[in-house]
Amino acid sequence: MRKKLLCLSMAAVMSATILPVATSGTLADSPAATNYQQTIFSTPSDENIVNLLDGNVYEFAANYGLYKSEEYYDGTDQYAPKPVTLSWESEEGAGYYVLNLSKNADMSNPERFVTLDTSLQLENLFMGTKYYYQVIAVFADKTVKSRIFKFETAYLPRTVYVEGISNTRDMGGYYTTDGNRIRQGMVFRGGEADTASKESLEKFIRDHGIKTDLDLRGEISSSPFGSSVNFVNVSAPYYVMGNGILNESYKQALITEVKTFANPDNYPIYVHCSLGRDRTGTICFLINALCGVGYMDLFLDYELSFLSVKGCLDNASPANMVGNIFGSLYSYIKGYDEGETLAEKTAAFMRNYLGITQEEIDSIRSIMIEEVAK
């Protein structure tokens with residue numbers, strides 16, 4: 001199920017100076033925030049929908065199905081998401097500001113920021129998600145608290161920028177055919193990480209909590225992420241024919257891949273091959289299909305690779321790869337002779353051919369699927 005949302009553009013303002021602060025608890029050594037006043041005004045607010053994508057990636061994803069990916073690729077990665085800039089006005093004289101950000105309307109479990117400025121840039125936000133925030137202006141003799149503002153990020157793929165890596169994005173965020181949703185921040189997919197600096201990978205780990213490097217290239221001795229990250233290395237199959245999922249010589253590798261997703265201790269996972277398209281696209285399809293993601297989002301998640309440098313490195317024809325090669329993988333699972341839905345057929349394939357247990361399938365689904373209130 002796809003949701004079409006209109007996105008409001010936001011004027012760029014200077015990013016805030018962020019001061020270290022605990023992410024929970026109360027403000028130490030400051031007046032109690034009891035003076036509720038609506039004299040603090042902020043944007044975005046209320047029903048604003050904010051787009052996180054940029055350039056051709058935004059145009060392609062927002063109009064998916066109308067145009068071909070080769071019409072949008074210009075030889076560069078355009079995956080870097082746009083930050084959301086919050087800016088506010090209040091009476092002069094505040095020593096600093098505290099901003100609480102929450103996914104809950106009651107402002108429970110907030111992430112807390114402290115700044116000297118009247119603006120703040122937020123990064124690494126989830127797609128298609130409502131955010132609530134409150135600004136607290138701290139003066140020498142009082143604390144003024146704003147009303148609760150809210151905005152929503154557009155329902156478009158959650159791309160991720162990692163310097164030195166190409167074709168990176170969150171595998172989650174998509175709705176399932178039964179109205180639930182794939183959790184975000186659990187699985188990231190992309191190209192090989194060897195080209196990234198140690199500092200870049202440390203930032204990736206720090207920002208997204210990466211615990212497992214699932215490397216599908218085979219015969220790699222160690223992970224560039226270092227010893228702090230669990231390393232799983234297999235020579236993975238891709239698609240159906242040739243070196244595909246029905247090739248017996250790749251069967252054990254595919255079993256290892258699926259079992260990696262069944263272990264909750266492995267998350268968050270970074271799964272990748274060289275380009276982040278074929279071997280990566282195959283396992284991402286199987287996991288998302290198992291969890292109930294629909295046809296359009298399965299194809300969109302795959303085809304986004306063709307708007308990256310790595311995804312186009314071998315000059316493969318996007319039309320052939322999407323329509324015939326990836327399409328044959330979808331058709332094979334869709335035509336499997338057990339089960340009614342694509343999710344049921346994917347589960348049957350995993351049980352019957354790979355020997356994946358129902359307990360492992362249930363584990364993947366419980367980890368990856370979040371229930372949406374009906």
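Residues numbered from 1 in each chain as written. Predicted model: local features only at pLDDT ≥ 70, side-chain atom pairs only at ≥ 80, totals over all residues. Heavy atoms only, no water.

**A closer look at the pattern of salt bridges**
All chains considered together, the criterion is met by 13 salt bridges. Here Glu-192 and Arg-217 are joined by a salt bridge, their closest N and O atoms 3.0 Å apart. Here Arg-217 lies in the loop between strand 15 (212–215) and strand 16 (230–233) and Glu-192 lies in the loop between strand 14 (187–190) and helix 2 (198–208), a separation of 25 residues in the sequence. Under the relative-accessibility criterion, Arg-217 is labelled buried at 14%. For Asp-194, the salt bridge identified is with Arg-217, shortest N-O distance 2.9 Å. Of this pair, Asp-194 sits in the loop between strand 14 and helix 2 while Arg-217 sits in the loop between strand 15 and strand 16, placing them 23 residues apart in sequence. Using a relative accessible area of 42% as the deciding quantity, one classes Asp-194 as partly exposed. Overlapping salt bridges bring together Glu-192, Asp-194, Asp-215, Arg-217 and Lys-310 as one network. (Salt bridge = Lys/Arg side-chain N within 4 Å of Asp/Glu carboxyl O. Helix = DSSP H or I, 4+ residues; strand = E, 2+ residues; numbered from the N terminus. Buried < 20%, exposed > 50% of the residue type's maximum accessible area, 1.4 Å probe, protein only.)

**With respect to the pairing of strand 17 (residues 269–272)**
Neither face of strand 17 is left uncovered, since the one carrying Ile-269 and Val-271 and the one carrying Tyr-270 and His-272 both have all their residues buried. Where strand 14 and strand 17 come together, four bridges link them in parallel fashion. Bridge assignment links Gly-190 to a residue of strand 17, and that residue is His-272. Sheet topology note: the strand 15/strand 17 ladder contains four bridges and is parallel. For Asp-213, the partnering residue across the bridge sits in strand 17 and is Tyr-270. (Pairing = 2+ DSSP bridges.)

**Quick word on helix 1 (residues 55–62)**
Looking at helix 1, one finds that the buried residues are Val-57, Phe-60, Ala-61 and Ala-62. The inward-facing, buried residues of helix 1 abut helix 5 (295–303). (Contact = heavy atoms within 4.5 Å.)

**Focus on the sheet that holds strand 16**
The sheet built from five strands is open, its strands ordered 12-14-17-15-16 with mixed pairing. If you trace the sheet from one side to the other, it starts and ends with strand 12 (169–170) and strand 16, each paired once.

**Topic: the side chain of Thr-260**
Mapped onto the elements, Thr-260 comes out in helix 3 (residues 251–262). The residues contacting Thr-260, other than those within four sequence positions of it, are Thr-212, Leu-214, Val-232, Asn-266 and Ile-269.

**Thoughts on the environment of Val-232**
For Val-232, the location among the structural elements is in strand 16. Residue class for Val-232 comes out buried when judged on its relative accessible area of 14%. When the C-alpha atoms of Val-232 and Asp-215 are compared, they prove to be 6.1 Å apart, with 17 residues separating the residues in sequence. Among all residues touching Val-232, those that are not within four sequence positions of it are Thr-212, Asp-213, Leu-214, Asp-215, Thr-256 and Thr-260.

**Some words on the packing of aromatic side chains**
If you walk through the whole model with that rule in mind, you get 27 aromatic pairs. Aromatic side chains Phe-299 and Phe-326 sit 5.0 Å apart centroid to centroid with 85 degrees between the ring planes, which places their arrangement in the edge-to-face category. Placement of Phe-299 in helix 5 and of Phe-326 in helix 6 (residues 318–334) is noted, with a sequence separation of 27 residues between them. Each ring, one from Tyr-332 and one from Tyr-336, has its centre 6.2 Å from the other, and the planes form 70 degrees; the classification is edge-to-face. Given the relative accessible area of 13%, Tyr-336 is considered buried. The structure contains a cluster of three or more aromatic residues connected by ring pairs, namely Tyr-238, Tyr-239, Phe-285, Tyr-295, Phe-299, Tyr-302, Phe-306, Phe-326 and Tyr-330. The positively charged end of Lys-103 is found above the aromatic ring belonging to Phe-126, 4.6 Å away from the centroid. (Phe/Tyr/Trp six-rings, centres within 6.5 Å; stacked < 30°, edge-to-face > 60°. Lys NZ or Arg CZ within 6 Å of the ring centre and 35° of its normal.)

**Quick look at unusual backbone geometry**
The linkage connecting Tyr-267 with the following residue, Pro-268, adopts the cis geometry, with an omega of -5 degrees. Within the secondary structure layout, Pro-268 lies in the loop between helix 3 and strand 17. Phi angles above zero are rare outside glycine, and Asn-109 is one such case at about 50 degrees. Inspection of the secondary structure puts Asn-109 in the loop between strand 6 (96–102) and strand 7 (111–115).

**Observations concerning the nonpolar core**
Ranked by size, the top nonpolar core spans 75 residues in total, and within it Phe-261, Phe-285, Phe-349, Met-350, Leu-354, Ile-364 and Met-368 carry the most contacts. Mapped onto this core, the elements with two or more residues apiece are helix 1, helix 3, strand 17, helix 4 (278–290), helix 5, helix 6, helix 7 (342–354) and helix 8 (358–368). Ranked by size, the runner-up nonpolar core spans 20 residues in total, among them Trp-88, Val-135, Phe-149 and Phe-151. (Core = buried A, V, L, I, M, F, W, Y, C linked by side-chain atoms within 4.5 Å.)

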